[in-house]
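# Commentary on secondary and tertiary structure
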Amino acid sequence: MTSRERYINCALGRPIDRSPFLFYFGPWGETLDVWRREGVPHPETAWYEGFGFDPFVIQTAGTVNTLYSPGYVPEVLEVRENSVVERNTLGQIVERRRYGDTIPHIVRPPVTCLSDWKRIRDERLDPDDPSRFPANYGAIAASWMAADAPVQVGIYPWGLFGTLRDLMRVEECLFAFYDEPELVKEIMNDLTDFWLALYGKICRTVRVDIFHIWEDMSGKQGSLISYDMVREFMLPQYRRIRDFCRLHDIPVIQVDTDGDCEGLIPVFHEAGINMMMPFEVTEGGGDIVGMRAKYPYMAMQGGIDKCALMRGHAEIDRELLRVAPLIGKPGYFPALDHLIPPDVPFENYCYFVNRLKEMIFA
C-alpha cells in the first residue's frame, strides 16, 4: 500500500496495512531554541529526519500564495519599555512583550465594520491575481502528482470562525454573531468564495486529496459559539465546500480545532466533515479511544498528550499504552495533540517517536 493510499484509506475508515506514521504538528519555535541549547544540531529538521516517517502531507500553500496578496508588511509602530506595538502579517496591530514569548495582545483588529472587510476582500483577496502562482508552478504541480504523498489545500489561518476571530478579535467576533449577523455571514460567504475560486485553479492541474479548514473555535468548556449558531452561520459554507470536494474528487475534508471539540463532531459531520484534529488531552479532556468508539464516522488525528513527553519515559509508555487499542485501526492517525512545547527534552521526544514507531510497525 502506498503512503497516499494508506492515508486516504485510514481517513475514510477503509482497510489499511498499518497506521500512517507521520505528524501534523512539529515543535514550537521556542522548543527549537531549547533543543539548540541542548546541543541538538539543526533542530528545525532533527525532529523529523532519520525516524523513517511516511512522506508528510504536501501543503500547496507553501508554493501558491493562499493568503493576502499583496500581503501585509510587518511594521514596528512603537517601542515601549517592556513591549513593542507592531502590525503583523495578518494586518493586526498587536502589542507583544520585548522579552519572553507570550500571545500578543491585539490592539486593533483589521476589521471593525463592513467597509473594513470590503477593503480587505477587494484589495487583498483576489483569487485571480496571477502573482499567487510562481512561474514554475507547472513543474511543481507535476512533482506533487508524482510524489507518494497526499496533497492538501487549505492551511492556517484560513477557516470560517478562525479567520473571523483573527479579523475582528475574539470578543468582538463573539458579539458580532448577535449584533451583526449579516456581517458575519457576508465574511464567511466571501471567504468561501475566495477559497473555492483559488483552490479550483489548483484542482485543474493537481489531484487534491485533503481540504483543510482551520477553526480553533473550542476551549476547555467546548465550542465558543452554540451549535445552533454553527449550523446557521458555518454549515451552509461547509456544505458548499463539501459539494466542491465531491466535484473535484477530494476525499478528505478536515477541520483543525483545539480544546474540547467533542460536541462539534456530530454537527460538523452533518455538513460532510470526515476528519478532525488534534483532540487535546489536557486542554480538551480528549479521550481519543472513547471518542473513536462513540463517533466511528469521524477520522481523528492526534489525541496523544504532548505533556506526557515532559515527564519522562515511564509516562510516555503509559500514554502510548492508553491509545494502543487504536493503533493499526482505520480512522485513527496516531500523533501528538498539538505542537511540541519547550518543556520537552529532545531525548524524550526521540524516545516517544521510536516507541510509537515500534507499535505501528510491530
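The present account deals with the structure reproduced in this document. No experiment lies behind these values; they were computed from the predicted model shown.

Reading the values: the criteria
Starting afresh in each chain, residues are numbered from 1 along the sequence in its written order. Given that the model is predicted, a residue must reach a pLDDT of at least 70 before its local features are reported, and side-chain atom pairs must reach 80 or more before they are shown or counted; all residues, however, enter totals for whole chains, interfaces and linings. Side-chain calculation: all heavy atoms of the structure are included, whereas hydrogens and water are not. In this scheme, strands are said to pair when DSSP sees at least two bridges between them. Segments assigned H or I by DSSP are reported as helices when at least four residues long, segments assigned E as strands when at least two residues long, and all are numbered from the N terminus. As a rule, the C-alpha atoms of each element are fitted with a line to give its axis, helices using only the stretch in contact, and angles between N-to-C directions run from 0 to 180 degrees. Between rings of Phe, Tyr and Trp, where Trp is taken as its six-membered ring, a pair exists when centres lie within 6.5 Å; planes separated by under 30 degrees are stacked, by over 60 edge-to-face, and by other angles tilted. Three exposure classes are used, based on accessible area relative to the maximum for each residue type with a 1.4 Å probe and protein chains only: buried under 20%, partly exposed in between, and exposed over 50%. Only when the NZ atom of a Lys or the CZ atom of an Arg is both within 6 Å of the ring centre and within 35 degrees of the ring normal do we say a charge sits over the ring. Contacts were defined at the residue level, with two residues in contact if any of their heavy atoms lie within 4.5 Å. To estimate how far a helix should reach, multiply one less than its number of residues by 1.5 Å. Pairs of N or O atoms within 3.5 Å make up the polar contacts considered here, provided that, within protein, one atom can donate a hydrogen while the other can accept it, and that residues adjacent in sequence are counted only when both atoms are side-chain atoms. When two cysteine sulfur atoms lie within 2.5 Å, the pair is treated as a disulfide. For classification, angles of less than 35 degrees are called roughly parallel, those exceeding 145 degrees roughly antiparallel, those between 65 and 115 degrees roughly perpendicular, and all remaining angles oblique. Classification convention: Asp, Glu, Lys, Arg as charged; Ala, Val, Leu, Ile, Met, Phe, Trp, Tyr, Cys, Pro as nonpolar; all other residues, Gly among them, as polar. A pairing counts as a salt bridge when a side-chain nitrogen of Lys or Arg comes within 4 Å of a carboxyl oxygen of Asp or Glu.

Read across the sheet, four strands follow the order β2-β3-β4-β5 without closing on themselves; strand pairing throughout is antiparallel. Each edge of the open sheet carries a strand with a single partner, namely β2 (75-79) and β5 (105-108). Geometrically, the sheet is characterised by an average inter-axis angle of 30° between neighbouring strands, direction not taken into account.

What follows covers the packing of aromatic side chains. Applying the stated criterion to the full structure yields 27 aromatic pairs. Relative to F194, the ring of W158 lies with its centre 5.7 Å away and its plane at 55°, an arrangement referred to as tilted. Placement of W158 in the loop between β6 (151-153) and α6 (161-168) and of F194 in helix α8 (residues 181-203) is noted, with a sequence separation of 36 residues between them. Accessibility classification places W158 together with F194 in one group, the buried group. The structure contains a cluster of three or more aromatic residues connected by ring pairs, namely F21, F23, W35, W47, Y48, F51, F53, F56, F346, Y349, F352 and F361. One residue, R124, lies across the ring of Y72, its end atom 3.8 Å from the ring centre. Lying across the ring of F233, K185 places its NZ or CZ 5.3 Å from the centre.

This part takes up the sheet that holds strand β11 (residues 275-278). One open sheet accounts for seven strands, arranged β1-β6-β7-β10-β11-β12-β13; its pairing is parallel. The open sheet has two edge strands, β1 (58-59) and β13 (332-336), and neither has a second partner. Bridging between β1 and β6 involves two bridges; their strand directions are parallel. When the sheet's bridge partners are listed, Q59 is paired in β6 with Q152. Each of β12 (299-304) and β13 touches helix α12 (residues 313-323); the most contacted strand, β12, lies at about 155° to it.

With that out of the way, let us pick up unusual backbone geometry. Each neighbour pair has its own omega, and for S69 with P70 the value is 5°, a cis peptide bond. In this fold, P70 is placed in the loop between β1 and β2. Geometrically, the link from Y156 to P157 is a cis peptide bond, its omega value of 10° lying close to zero. Within the secondary structure, P157 is located in the loop between β6 and α6. Unlike most non-glycine residues, H42 shows phi in positive territory, near 50°. Along the chain, H42 falls in the loop between α2 (29-37) and α3 (43-46). Its identity as a non-glycine residue notwithstanding, D216 has a phi of 45°, on the positive side. Position of D216 among the secondary structure elements: in the loop between β7 (210-214) and β8 (218-219).

Across its 15 residues, helix α13 (residues 346-360) extends 21 Å between first and last C-alpha, which sits within 8% of the 21 Å expected from 1.5 Å per residue. Among all positions of α13, only F346, N348, Y349, C350, F352, V353, L356 and I360 are buried. Of the surrounding elements, those touching the buried residues of α13 are α2, α3, β12, α12 and β13.

Let us now look at α6. Residues that lie three or four places apart on an α-helix share one face, since the helix turns once every 3.6 residues. Most of α6 is tucked away, with eight of its eight residues classed as buried. Buried-residue contacts for α6 involve α4 (114-124), α7 (170-179), α8, β7 and α9 (227-247). A positive phi of about 85° marks R169, the residue just after α6.

Mapped onto the elements of the fold, T192 is located in helix α8. At a separation of 2.9 Å, a polar atom in the side chain of T192 contacts the main-chain carbonyl oxygen of M188. In contact with T192, other than residues within four places in its own chain, are L160, Q237, R240 and I241.

Another aspect to go through is the state of the cysteines. Inspection of the entire model under this criterion finds zero disulfides. Cysteine C173 is unpaired, with the sulfur of C113 as its nearest cysteine sulfur at 16 Å. Not part of a disulfide, C350 finds its nearest cysteine sulfur in C307, a span of 18 Å.

At their nearest, the axes of α4 and α8 sit 11 Å apart, and the two run at 5° to each other. Viewed along their axes, α4 and α8 adopt a mutual orientation that is roughly parallel. In this structure, α4 contributes L114, W117, K118 and R121 to the contact, and α8 contributes L183, E186, I187, D190 and L191. The class makeup of the residues in the contact of α4 with α8 is five nonpolar, no polar and four charged.

Glancing now at the pattern of salt bridges. Tallying each qualifying case throughout the model produces 32 salt bridges. One salt bridge connects R311 with E315, and the closest N-O pair in it is separated by 3.6 Å. A single network of salt bridges, built from pairs that share partners, joins R6, D17, R18 and D54.

Turning our eyes to something else, we now look at the pairing of β7. Across the five residues of β7, five count as buried, placing the element largely inside the fold. By the alternation rule, side chains of β7 split into I210, H212 and W214 and F211 and I213, which are all buried. Bridging between β6 and β7 involves two bridges; their strand directions are parallel. Opposite Q152, over in β7, you have I210 as the bridge partner.

In short, the description is geometric, and any link to function would need to be established separately.
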